[in-house]
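A structural walkthrough
The primary structure of each chain is shown beneath.
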Amino acid sequence: MENQLQIYNTLSRKKEVFKPINEGKVGLYVCGPTVYGKAHLGHARPAVTFDLLFRYLQHLGYKVRYVRNITDVGHLQNDADEGEDKIAKKARLDELEPMEVVQIYTNDYHKNMQKLNILPPSIEPRATGHILEQIEVIEKILKAGYAYESKGSIYFDVEKYSQDYPYGELSGRKIEDLQANTRELDGQDEKHSPLDFAIWKKAAPEHIMRWKSKWSDGFPGWHLECTAMGSKYLGERFDIHGGGMDLTFPHHEAEIAQAKAAFGHQAVNYWMHNNMVTLNGQKMGKSLGNAISLDEFFDGNHELLEQAYSPMTIRFFMLTAQYRSTLDFSNEALQASEKGMERLLKAVETLETIKAKGQSSIQVTDLSDKCYAAMNDDLNSPVAIAHLFDGVKIINSIADGKETISEADLTGLKKLYSIFVFDLFGLQKQEDSGSVDNNSAFEGAVNLLLQLRMEAKVNKDWGTADKIRDELAKLGFDIKDTKDGFDWELKK
Ligand code: ZN
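Residues numbered from 1 in each chain as written. Predicted model: local features only at pLDDT ≥ 70, side-chain atom pairs only at ≥ 80, totals over all residues. Heavy atoms only, no water.

1. Description of the pairing of strand 4 (residues 63–68)
Using the following cut-off: DSSP-based pairing: two strands are paired if at least 2 bridges between them are found. Secondary structure is summarised from DSSP: a helix means a run of H or I of at least four residues, a strand means a run of E of at least two, and numbering begins at the N terminus for each.
Looking at chain direction, strand 3 (residues 25–30) and strand 4 are connected through six bridges and run parallel. Counterpart to Val 30 in the pairing with strand 4 is Arg 68.

2. Considering the packing of helix 1 (residues 41–59) against helix 10 (residues 311–319)
As a reminder, the rule being used: Throughout, an axis means a line fitted to C-alpha atoms (over the contacting stretch in the case of helices), and angles, computed between N-to-C directions, take values from 0 to 180 degrees. If an angle is under 35 degrees, it is roughly parallel; if it is over 145, roughly antiparallel; if it lies from 65 to 115, roughly perpendicular; otherwise it is oblique. Should the near helix be turned anticlockwise from the far one by less than a right angle, the crossing is termed left-handed; should it be turned clockwise, right-handed. Contacts are assigned to residue pairs that have any heavy atoms within 4.5 Å of one another. Ten residues, namely Ala, Val, Leu, Ile, Met, Phe, Trp, Tyr, Cys and Pro, are considered nonpolar, four, namely Asp, Glu, Lys and Arg, are considered charged, and the remaining ones, Gly among them, are considered polar.
In contact at an axis separation of 10 Å, helix 1 and helix 10 are set at 70° when each is read in the N-to-C sense. By the angle class used here, helix 1 and helix 10 are roughly perpendicular. Where helix 1 crosses over helix 10, the two elements pack in a sense that is right-handed. Residues Leu 41, Ala 44, Arg 45, Val 48, Asp 51, Leu 52 and Arg 55 of helix 1 touch helix 10, and the partners they reach there are Ile 314, Arg 315, Met 318 and Leu 319. Class assignment of the residues belonging to the contact of helix 1 with helix 10 gives a composition of seven nonpolar, no polar and four charged.

3. Notes on the coordination of the zinc ion
Put simply, the test is: Any nitrogen, oxygen or sulfur atom within 2.8 Å of a metal ion counts as a donor, with the limit raised to 3.2 Å for Na, K and Ca, and since water is left out, coordination shells can look unfinished.
With distances of 2.0 to 2.1 Å, the protein atoms coordinating the zinc ion are Cys 31 (SG), Cys 226 (SG) and His 251 (NE2). Mapping the donors of the zinc ion onto the primary sequence gives the spacing C-x194-C-x24-H. Of this pair, Cys 226 sits in helix 7 (residues 222–234) while His 251 sits in helix 8 (residues 248–263), and the two are 25 residues apart along the sequence.

4. As for the sheet that holds strand 10 (residues 268–274)
Pairing within the open sheet is parallel, and its four strands lie in the order 4-3-9-10. In this open sheet, the two strands that pair with only one neighbour each are strand 4 and strand 10. Strand-to-strand twist in this sheet, taken as the mean axis angle between neighbours without regard to direction, amounts to 20°. Bridging between strand 3 and strand 9 (residues 238–244) involves three bridges; their strand directions are parallel. Bridge pairing links Tyr 29 to His 241 in strand 9.

5. Quick word on the domain arrangement of the chain
In plain terms, the rule: Each domain's limits were defined by an automated method or a database of domain assignments. Each of two parts loses accessible area, computed with a 1.4 Å probe, when they are put together; buried area is these two losses added. By convention in these notes, a salt bridge is any Lys or Arg side-chain nitrogen within 4 Å of a carboxyl oxygen on Asp or Glu. In protein, a polar contact means a hydrogen-donor-capable atom and an acceptor-capable atom, both N or O and within 3.5 Å, with residues adjacent in sequence counting only if both atoms are side-chain atoms; elsewhere, any N or O pair within 3.5 Å suffices.
For the chain, the assigned domains read domain 1 (6–274), domain 2 (279–432) and domain 3 (436–490). Counting residues at the interface gives 31 residues for domain 1 and 35 residues for domain 2. Between domain 1 and domain 2, a total of about 2900 Å² is buried, with carbon and sulfur atoms accounting for 63% of that surface. Linking domain 1 with domain 2 are four salt bridges. Where Lys 15 meets Asp 377, a salt bridge forms, and the shortest distance between an N and an O atom there is 2.7 Å. Inspection of the region where domain 1 meets domain 2 yields 18 residue pairs in polar contact (both at pLDDT 80 or more). Residues belonging to the side of domain 1 that touches domain 2 are distributed by class as follows: 14 nonpolar, nine polar and eight charged.

6. Observations concerning helix 2 (residues 86–94)
Threshold: The classification of residues rests on relative accessible area computed with a 1.4 Å probe and restricted to protein chains. Under 20% of the type maximum is buried, over 50% is exposed, and intermediate values are partly exposed. The directions considered for the arc are those from the helix axis to the C-beta atoms.
What helix 2 keeps buried is the set Ile 87, Ala 88 and Ala 91. Mapping the buried residues of helix 2 onto a view down its axis gives an arc of 100°, with all of them on the same face. Summarising the contacts, the buried residues of helix 2 are in contact with helix 3 (98–115). Backbone geometry just after helix 2 places Glu 95 at a positive phi near 50°.

Right, dumping it as structure tokens:
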């Protein structure tokens with residue numbers, strides 16, 4: 001029985017027993033969203049993965065400082081080398097301040113994370129709020145000799161770094177292969193080598209988001225913000241750094257290099273990466289026409305979706321795969337997941353109605369040990385869920401009077417399901433799916449009353465008509481007579 005949390009460390013490529021730097025405390029950093037578009041499925045997977053980790057660490061009794069940044073500088077994904085700032089471009093097209101664009105999508109992200117019942121992080125720093133810290137890291141890297149200035153920009157010197165440290169240790173890439181696979185320099189390039197990446201970039205005249213520095217008016221390179229904010233809030237050495245697998249190279253590889261260059265040592269003890277989501281077996285992307293926003297999933301408003309899927313269905317579906325496996329979204333899989341979750345939540349309700357009687361036909365401690373063992377095995381939520389479903393069969397059988405359970409076991413079972421279903425998996429009772437029905441029944445009832453009011457008016461029964469309007473108004477309804485009948489809304 002493994003009763004210690006083991007996590008797969010991408011850096012060592014094996015599962016390791018988790019030991020925090022400071023007893024009882026965990027520093028956790030996760031790369032957050034780049035806020036220049038609506039929150040989509042790709043945002044949900046790391047959010048759910050690291051929410052599960054955050055919840056589980058806290059459940060184990062750790063005090064966790066969870067830092068998840070907002071990338072709002074809007075530079076290009078890889079190198080910030082060419083092209084227009086994405087946020088600035090969006091701002092120009094929509095005639096908004098860049099920070100308005102940032103705020104719109106930050107709000108959208110938060111709204112969707114809340115729907116998915118993702119706990120807010122302890123600190124949510126913004127890249128634009130940490131320009132000074134980023135400049136400080138650049139100065140340290142320059143001082144250590146691992147960066148150079150070129151035409152107002154500062155580049156990280158990958159070649160120089162790789163003489164002292166293994167560049168590519170996280171992604172498993174070899175510097176020789178990387179060199180062979182990159183284009184030859186055309187002589188115009190500011191970089192000494194194509195592998196070098198900008199840590200400060202001089203802004204082109206049209207670039208709106210820019211800050212003053214002694215090198216130029218410019219902006220920091222993307223990889224740098226996480227090094228600066230991670231070390232600011234968690235220290236130059238901290239426990240866990242997470243993110244999507246697509247970030248291992250170049251982003252996290254660059255973070256490791258920057259930290260070693262600036263601080264002289266590895267900054268992170270455990271690197272954790274969630275795998276990607278696919279849709280009907282395909283990678284998702286705007287260019288592929290299959291990037292579905294979370295809003296579209298929740299209201300079913302997309303041609304690839306047969307129905308709306310509740311945030312809890314999406315969340316539960318993600319938990320039915322271990323975070324390091326790929327997860328393929330399809331209508332069939334989501335519908336099956338929806339049914340499974342309903343069965344699980346129903347069993348939790350049934351549990352409340354069960355009466356203890358006689359001997360137990362269920363080994364609650366054994367079931368509990370299995371669930372924890374699964375979680376301790378690199379957050380293997382699908383295995384824990386499978387064990388919970390084994391328990392569901394027994395719960396239903398006890399409810400049917402075919403089996404019995406003792407008082408102590410019933411208490412233990414209720415606690416186990418409450419911890420796993422609600423505290424750790426973060427599922428919420430499906431008031432939503434109920435409320436779709438409730439809503440339509442409610443709307444139907446109000447419409448019926450207003451229909452009766454119209455009939456009363458036709459019959460010149462002004463007393464009844466006014467009574468219906470006044471009573472509904474008292475309840476907070478705003479009723480308008482329109483050309484074709486009526487319109488109403490419930491004022492909040
Ligand atoms: Zn990052």
